[in-house]
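Report on the structure
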Amino acid sequence: MADLARMSINQATTREQHSLAQAITAYTQAGVPGISIWRDKLAACGLDEAVRMVNDHGLRISGLCRAGQFPAADAATRQANLDENRAAIDEAAALGAECLIVVAGGLPDGSKDLPGARQMIRDGLGSLLPHARAAGVAMAIEPLHPMYAGDRCAINTLSQALDLCDDLGDGVGVAVDVYHLWWDPHLQAQIKRAGERILAFHVCDWLLPTTDLLLDRGMMGDGVIDIPQIRDWVERTGYGGLIEVEIFSAENWWKRPGDEVIRTCLERFKSNV
Ligand code: ZN
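Rules and cut-offs
Residues numbered from 1 in each chain as written. Predicted model: local features only at pLDDT ≥ 70, side-chain atom pairs only at ≥ 80, totals over all residues. Heavy atoms only, no water. Donors = N, O, S within 2.8 Å, 3.2 Å for Na, K, Ca; no water. Tetrahedral: all angles 85-135°; square planar, octahedral: opposite > 155°, others 65-115°. Helix = DSSP H or I, 4+ residues; strand = E, 2+ residues; numbered from the N terminus. Buried < 20%, exposed > 50% of the residue type's maximum accessible area, 1.4 Å probe, protein only. Pairing = 2+ DSSP bridges. Axes fitted to C-alpha atoms, helices over the stretch in contact; angles between N-to-C directions. Disulfide = S-S within 2.5 Å. Salt bridge = Lys/Arg side-chain N within 4 Å of Asp/Glu carboxyl O. Parallel < 35°, antiparallel > 145°, perpendicular 65-115°, else oblique. Contact = heavy atoms within 4.5 Å. Nonpolar A, V, L, I, M, F, W, Y, C, P; charged D, E, K, R; others polar. 1 Å grid on protein atoms, 1.4 Å probe; cavity = no way out; pocket = protein on both sides within 12 Å on 5 of 7 lines; lining within 4 Å. Points joined across faces, edges and corners; volume = space filled by probe spheres on them.

1. Details of the coordination of the zinc ion
Distances from the zinc ion to its protein donors, Glu142 (OE), Asp177 (OD), His202 (ND1) and Glu246 (OE), fall at 2.1 to 2.2 Å. Bound by four donor atoms, the zinc ion shows angles of 85 to 160° at the metal and therefore irregular coordination geometry. Donor residues for the zinc ion sit on one chain with the sequence pattern E-x34-D-x24-H-x43-E. Pair noted here: glutamate 142 is in the loop between β5 (139-141) and α6 (158-168) and glutamate 246 is in the loop between β8 (243-245) and α10 (258-272), with a separation of 104 residues, a long-range link. Summarising the burial analysis for this pair, glutamate 142 and glutamate 246 share the class buried.

2. With respect to the sheet that holds strand β7 (residues 198-203)
Sheet strands pair via backbone hydrogen bonds, and the direction of the pair is either parallel or antiparallel. Here we have eight strands rolled up into a closed barrel, ordered β1-β2-β3-β4-β5-β6-β7-β8, and parallel in their pairing. For this sheet, the mean inter-axis angle between neighbouring strands, taken without regard to orientation, is 30°. Alignment of strand β1 (residues 7-10) against strand β2 (residues 34-38), held across three bridges, turns out to be parallel. Note on β2: the bridge partner recorded for serine 8 is glycine 34.

3. Observations concerning the pairing of strand β6 (residues 172-177)
Within β6, six of the six residues are buried, leaving the element largely enclosed by the surrounding structure. Relative to β6, β5 runs parallel, the two being bridged by three bridges. Residue isoleucine 141 lies in a different strand from β6, and its bridge partner there is valine 174. By the bridge criterion, four bridges tie β6 to β7 in an arrangement that is parallel. Across the sheet, the residue bridging to valine 176 is phenylalanine 201, located in β7.

4. Some remarks on the state of the cysteines
With the rule as written, the count across this model stands at zero disulfides. Cysteine 99 provides the cysteine sulfur closest to cysteine 165, a residue in no disulfide bond, and the two sulfurs are 12 Å apart. By relative accessible area, cysteine 165 is classed as buried at 4%. Here cysteine 204 is not disulfide-linked; the sulfur of cysteine 265 is the nearest cysteine sulfur, at 10 Å. Using a relative accessible area of 0% as the deciding quantity, one classes cysteine 204 as buried.

5. What about the pattern of salt bridges?
This structure, assessed with the given rule, holds 20 salt bridges. Across the pair arginine 86 and aspartate 83 runs a salt bridge, and its minimum N-O distance is 3.4 Å. Of this pair, arginine 86 and aspartate 83 both sit in helix α4 (residues 75-95), three residues apart, which is roughly one turn of the helix. Classification of arginine 86 by relative accessible area gives partly exposed; the value is 23%. For arginine 193, the salt bridge is made with aspartate 166, and the minimal N-O distance between the two is 2.7 Å. Separated by 27 residues along the polypeptide, arginine 193 in helix α8 (residues 187-194) and aspartate 166 in helix α6 bring together distant segments of the chain. Owing to a relative accessible area of 46%, aspartate 166 belongs among the partly exposed residues under this scheme. Taken together, the shared-partner salt bridges connect Asp163, Asp166, Arg193 and Arg197 into one network.

6. Some words on the environment of glutamine 79
On the secondary structure map, glutamine 79 appears in helix α4. Sequence separation between glutamine 79 and glutamate 235 is 156 residues; the distance between their C-alpha atoms is 38 Å.

7. Focus: the packing of helix α1 (residues 20-29) against helix α3 (residues 47-57)
Relative to each other, α1 and α3 sit at 5°, their axes nearing to 10 Å. With respect to α3, the axis of α1 lies roughly parallel. Contact residues: α1 offers Leu20, Ala21, Ile24, Thr25 and Thr28, while α3 offers Ala50, Met53, Val54 and His57. Along the lines of polarity and charge, the residues of the contact of α1 with α3 split into six nonpolar, three polar and no charged.

8. Digging into the layout of surface pockets
The volume enclosed by the largest pocket comes to roughly 240 Å³. Along its surface, the largest pocket is lined by 18 residues, and Trp38, Arg66, Arg152, Leu214 and Phe248 are the ones closest to its centre. Broken down by secondary-structure element, the contributors of at least two residues to the lining of the largest pocket are β3 (60-68) and β4 (100-103). Sorting the residues of the lining of the second largest pocket by element identifies α2 (39-45), β3 and α4 as the ones contributing at least two each. No other element matches β3, which puts four residues into the lining of the second largest pocket. Of the residues belonging to the lining of the second largest pocket, the class tally is four nonpolar, four polar and four charged.

Shown next as C-alpha cells:
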C-alpha cells in the first residue's frame, strides 16, 4: 500500500474541472500533499499568485510540465523553443518544483530523420543545462511510449533516457511513468541502472482496449499494469519522492465532478499503487 504522505496529483487529471487555484484548493482539502503544475494553467493564474498559494498551502510540487520540444525544421524555431525552455526553468525555480519535466519532441514537420531528431534533442538539452544548473532546477527526461515517437517524443525507453543522462552529466535525470514504460522487458534492469537519477514517478493504468493514443489513460486498478511491482523496483533504488497520479481521460474522468476524481485517486492510490 502506497503512503498517502507521498501522493501527488498531476493537475492534468482534473484539467477540465479546475483552474490552478481551484486544483490547489481541492487537492489540499482532500489531504493530497503534492501537485504537478502545467505551464498553461500557471500562465492563466500568474506566477506570483501561484507561488503564494503553493506556499500558503504547504504543497510540494512534484514537477512542472513541461520543457522540451527540441527538434524543429529550422534554427530560428529551435532557438525560440530554447528560449521558451529557459522561461520554464525560471518558473520551476520560482515555484520550488522538485523537477522540470522534459518531453523531448518528435520529428520536425516533413522529416523522416529520427536519428537527426534525437541529435537535436541531445543538443537542445546540452544548451539548456548551464541555465538549469545555475537555477538549481533538475530536468527530468520523460521517455514516452514509442507510439509517440513521431509527434511528441523520440525518447522512448528508459535505456535511451539514461544514455542521454550519461552523456550530459549533472542536472538531468529521468521521470519513470508506468504508462509509457510498463511493456519494456528491460524495465527492471533499467530502473536499477537509473538509481538516484529517478526524479519523478508517475502512475495511472493501461486500459484494454485503449481507444485514444493520448487521452484514454486509466485510473489505477482499471487496467493491466502491475503498478506495485514497478513501485517496488523504483523504491529499491532509494527513491523516496512523491508518487504522482497523472490521468488524461477525455471521455471518462474529465467528465466527472472534480471531487469524485480526487476521491477515487485517493482510494486507488491506497489499494492499487
Ligand atoms: Zn508522466
